[in-house]
Amino acid sequence: MSELRRIALLLGRFHALTRAQADLVASLAQEVDLERIVCVVTSADHAGTRRNPLDAETREELLRPVLAATGKPFVLVRVADIPDDAAWVDHVRAEVRARAGVELAPAATTLVSANRDVQALFAAAGYGVAAAAVGGLTPHELIQRIVDGKQWQAEAAPATIEVFARRGVAAKLKRIFGDTLRTDDGELSSHRDFASYGAQMDASLV
């Protein structure tokens with residue numbers, strides 16, 4: 001990522017931060033011309049579901065120490081979902097401007113993301129894109145390991161381990177994923193594959 005513009009934009013749901021993702025964020029410390037990191041927590045208005053199990057406050061707690069360790073100025077911005085993908089970039093830009101006073105001008109901002117759909121949206125709007133290749137588990141896969149009672153700490157960033165322990169997140173996740181899900185009409189759903197659904201929705205920048 002040697003050609004980042006002045007602002008690095010990190011964007012995702014961030015229900016877990018993996019060790020590989022934390023290493024990616026840490027690498028931003030080496031970007032000499034980078035003046036600021038803007039980290040956007042999406043689906044900030046949703047919590048307690050399989051797609052979005054954690055509240056925005058908990059997700060920010062996972063991110064704050066990793067961002068601070070870069071030594072770069074940073075802001076965390078919560079952004080609610082909207083149904084129109086075509087308006088997503090403008091929505092993010094307007095929310096960051098309103099909540100943090102930062103203008104995400106395309107000429108000054110590079111999106112850092114592994115999500116191809118997000119990359120395409122921002123590239124079409126004229127933003128620079130640093131396609132981040134992040135190995136290891138996705139955040140959803142890490143959460144699934146917790147739910148399944150499998151070993152997960154080796155794949156998690158230290159901040160994830162600490163916050164999950166302090167907030168009792170493992171028990172909350174098992175409760176959420178153990179609940180019988182219903183459709184919007186109140187009917188039991190027998191055909192939705194939530195493991196695949198959740199994995200597809202991971203905005204795996206981070």
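Residues numbered from 1 in each chain as written. Predicted model: local features only at pLDDT ≥ 70, side-chain atom pairs only at ≥ 80, totals over all residues. Heavy atoms only, no water.

Trainee: Before we go on, may I ask you to explain the overall build of the chain in this structure?
Mentor: Looking only at helices and strands, one finds eight helices and five strands in the chain. When the helices and strands of the chain are read in sequence order from the N terminus, they spell out β-α-β-α-β-α-β-α-β-α-α-α-α. The proportion of buried residues among the 206 residues of the chain is 45%. Taking contacts inside the chain between residues at least 6 apart in sequence as the whole, the part at least 24 apart equals 71%. Within the structure as shown, the chain displays about 10000 Å² of accessible surface, and the carbon and sulfur contribution to it stands at 48%. (Helix = DSSP H or I, 4+ residues; strand = E, 2+ residues; numbered from the N terminus. Buried < 20%, exposed > 50% of the residue type's maximum accessible area, 1.4 Å probe, protein only. Contact = heavy atoms within 4.5 Å. Areas by Shrake-Rupley, 256 points an atom, 1.4 Å probe, with all protein chains shown as cover.)

Trainee: What exactly am I supposed to notice about helix 2 (residues 56-68) here?
Mentor: Count 3.6 residues to each turn of an α-helix, and residues three or four apart come out pointing the same way. In a regular helix each residue adds 1.5 Å, so 13 residues correspond to 18 Å; helix 2 covers 18 Å between its end C-alpha atoms and thus fits that length. In the structure, helix 2 departs most strongly from a straight axis at Leu-62, where the bend amounts to approximately 25 degrees and where the proline Pro-65 lies between one and four residues downstream. Listing the buried residues of helix 2 in full gives Ala-56, Thr-58, Arg-59, Glu-60, Glu-61, Leu-62, Leu-63, Val-66 and Leu-67. The distance from a side-chain oxygen at the start of helix 2 to the backbone nitrogen of Glu-57 is 3.1 Å, and the residue carrying that oxygen is Asp-55. (Expected span 1.5 Å × (residues − 1). Bend = angle between axes of the 7 residues up to and from the residue. Polar contact = N/O pair within 3.5 Å; in protein donor to acceptor, adjacent residues only side chain to side chain.)

Trainee: Before we go on, may I ask you to explain the sheet that holds strand 5 (residues 128-131) in this structure?
Mentor: Note: strands within a sheet are paired through backbone hydrogen bonds, in either parallel or antiparallel orientation. Taken in spatial order, the five strands of this open sheet run 3-2-1-4-5, and their pairing is parallel. Every other strand in the sheet has two partners, leaving strand 3 (74-78) and strand 5 as the edge strands with one partner each. The mean angle between the axes of side-by-side strands here comes to 25 degrees, regardless of whether they run parallel or antiparallel. Pairing of strand 1 (residues 7-12) with strand 2 (residues 36-41) involves six bridges; the strand directions are parallel. Directly across from Leu-11, in strand 2, lies its bridge partner Val-40. (Pairing = 2+ DSSP bridges. Axes fitted to C-alpha atoms, helices over the stretch in contact; angles between N-to-C directions.)

Trainee: Please clarify how the pairing of strand 4 (residues 109-113) should be interpreted in this entry.
Mentor: Where burial is concerned, most of strand 4 is hidden: five out of the five residues are buried. Every second residue of strand 4 is oriented toward a common face, with Thr-109, Leu-111 and Ser-113 on one face and Thr-110 and Val-112 on the other, all of them buried. In this structure, strand 1 lies alongside strand 4, joined through four bridges in parallel fashion. Bridge pairing links Leu-10 to Val-112 in strand 4. Bridge count between strand 4 and strand 5: four bridges; the pairing is parallel. In the sheet register, Thr-110 faces strand 5, and the bridge partner there is Gly-128.

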